[in-house]
2 protein chains.
Amino acid sequence: MGLIDNINKLFDHRIRLGIMSILMVNDEVDFNQLKELLDVTDGNLSSHSKTLEKAKYITIQKSFIGKKPNTRYAITQSGKQAFKKHIDALEHLIKSQE
Amino acid sequence: MGLIDNINKLFDHRIRLGIMSILMVNDEVDFNQLKELLDVTDGNLSSHSKTLEKAKYITIQKSFIGKKPNTRYAITQSGKQAFKKHIDALEHLIKSQE
């Protein structure tokens, strides 16, 4: 059992960490809100959110508001559980340093 | 200023996070000790420690004990500073969720 076993590889990226953090406390966020909060490019946000969607940690819903495309993001139950476990592992690792 | 700006890209990997955590509290650790603590392969440990060495966050010293090669790792002053900043950013991100 290694020190980092409970650290989730899928969250080993600051953009994914940021997306999950934001979705933990906001029921639904759209593309532009996420982009602004994280200060990342469209391409980065797209690719990392797709990775989280594939893992079923978040859902991505595309629709139109008038003629404008709108993409909304939400966290899933399993995403919440996985992220909590990851945060616990990080806190454990950090505390082991104090 | 994005929510994840202070999260260091170089520490965006659990193995690097683990190496830094261990070296924060141990003045010097050798290859086998690190490998055991992290439960990772030789190749993974080598490649991630080299990345941290290139960034001047750790030093790697190779020598021989008798006929056996021995590789020792230590954190640098700038590594300590960078890691503390990273941990602060992670704690900030985590706390913003509570």
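Rules of the game
- Residues numbered from 1 in each chain as written.
- Chains lettered and ligands numbered in written order.
- Predicted model: local features only at pLDDT ≥ 70, side-chain atom pairs only at ≥ 80, totals over all residues.
- Heavy atoms only, no water.
- Least-squares fit on C-alpha atoms with pLDDT ≥ 70 in both.
- 1 Å grid on protein atoms, 1.4 Å probe; cavity = no way out; pocket = protein on both sides within 12 Å on 5 of 7 lines; lining within 4 Å.
- Points joined across faces, edges and corners; volume = space filled by probe spheres on them.
- Helix = DSSP H or I, 4+ residues; strand = E, 2+ residues; numbered from the N terminus.
- Nonpolar A, V, L, I, M, F, W, Y, C, P; charged D, E, K, R; others polar.
- UniProt positions renumbered as here; feature names shortened; annotations may be inferred.
- Pairing = 2+ DSSP bridges.
- Contact = heavy atoms within 4.5 Å.
- Axes fitted to C-alpha atoms, helices over the stretch in contact; angles between N-to-C directions.
- Buried area = accessible area lost by both parts, 1.4 Å probe.
- Salt bridge = Lys/Arg side-chain N within 4 Å of Asp/Glu carboxyl O.
- Polar contact = N/O pair within 3.5 Å; in protein donor to acceptor, adjacent residues only side chain to side chain.
- Phe/Tyr/Trp six-rings, centres within 6.5 Å; stacked < 30°, edge-to-face > 60°.
- Buried < 20%, exposed > 50% of the residue type's maximum accessible area, 1.4 Å probe, protein only.

The name recorded for chain A in an unreviewed UniProt entry is Winged helix-turn-helix domain-containing protein, from Flagellimonas iocasae.

Moving on, we get to the relation of the copies chain B and chain A. Related by rotation about an axis and a shift along that axis, the two copies of the chain form a pair. Least-squares fitting of chain B to chain A yields an RMSD of 0.0 Å, with the superposition described by an axial translation of 0.0 Å and a rotation of 180°. Interpreted geometrically, this transformation is the action of a two-fold axis. Considering only C-alpha atoms, the residue of chain B closest to the rotation axis is Asp12 of chain B, which sits at 2.6 Å.

With that settled, consider empty space enclosed by the protein. All chains considered together, the criterion is met by two cavities of 30 Å³ or more. Put simply, the largest cavity is a space of about 70 Å³. Among the secondary structure elements, those contributing two or more residues to the lining of the largest cavity are helix H4 (77-95) of chain A together with helix H4 (77-95) of chain B. Along the lines of polarity and charge, the residues of the lining of the largest cavity split into eight nonpolar, three polar and two charged.

Under the present numbering, the feature "domain: Winged helix DNA-binding" (unreviewed entry) in UniProt falls on residues 15-94 of chain A. Between the first and last C-alpha atoms of residues 15-94 of chain A the distance is 20 Å; the span itself is 62% helix and 22% strand.

Residues and elements named next belong to chain A. If you trace the three strands from one edge of the open sheet to the other, you get E1-E3-E2, paired in antiparallel fashion. Every interior strand has two partners, whereas the edge strands, strand E1 (29-30) and strand E2 (58-65), have only one. Note: E1 against strand E3 (residues 68-75), two bridges, orientation antiparallel. Pairing of Val29 across the sheet is with Tyr73, part of E3. Packing against the sheet, helix H3 (residues 42-54) makes contact with E2 and E3, and its axis sits at approximately 125° to E2.

Let us look at the interface of chain B and chain A. With 29 residues of chain B in contact, the opposing surface of chain A contributes 29 residues. Interface area, chain B with chain A, both sides summed: about 2,400 Å², of which 62% is carbon and sulfur. Where chain B meets chain A, there are zero salt bridges. Taken together, the connections running from chain B to chain A amount to eight residue pairs in polar contact (both at pLDDT 80 or more). Those elements that provide at least two residues to the side of chain B that touches chain A are helix H1 (14-25), helix H2 (31-38) and H4 of chain B.

On to the packing of aromatic side chains, then. Evaluation of the coordinates by the stated rule reveals six aromatic pairs over all chains. Pairing Phe11 of chain B with Tyr57 of chain B gives two aromatic rings, centres 5.3 Å apart and planes at 35°, and the pair type is tilted. Linking Phe11 of chain B in the segment before H1 with Tyr57 of chain B in the loop between helix H3 (42-54) and strand E2 (58-65), this pair joins segments that are 46 residues apart in sequence. Each member of the pair, Phe11 of chain B together with Tyr57 of chain B, is buried. Taken together, the aromatic side chains of Phe11, Tyr57 and Phe83 of chain A make up a single cluster linked through ring pairs.

Residue and element names in this part refer to chain B. Where E2 meets strand E3 (residues 68-75), eight bridges bridge the pair, whose relative direction is antiparallel. In the strand pairing of E3, Ile58 is matched with Ile75. Counted along the chain from E2 to the antiparallel partner E3, the turn is two residues long, and its residue Gly66 has a positive phi close to 65°.

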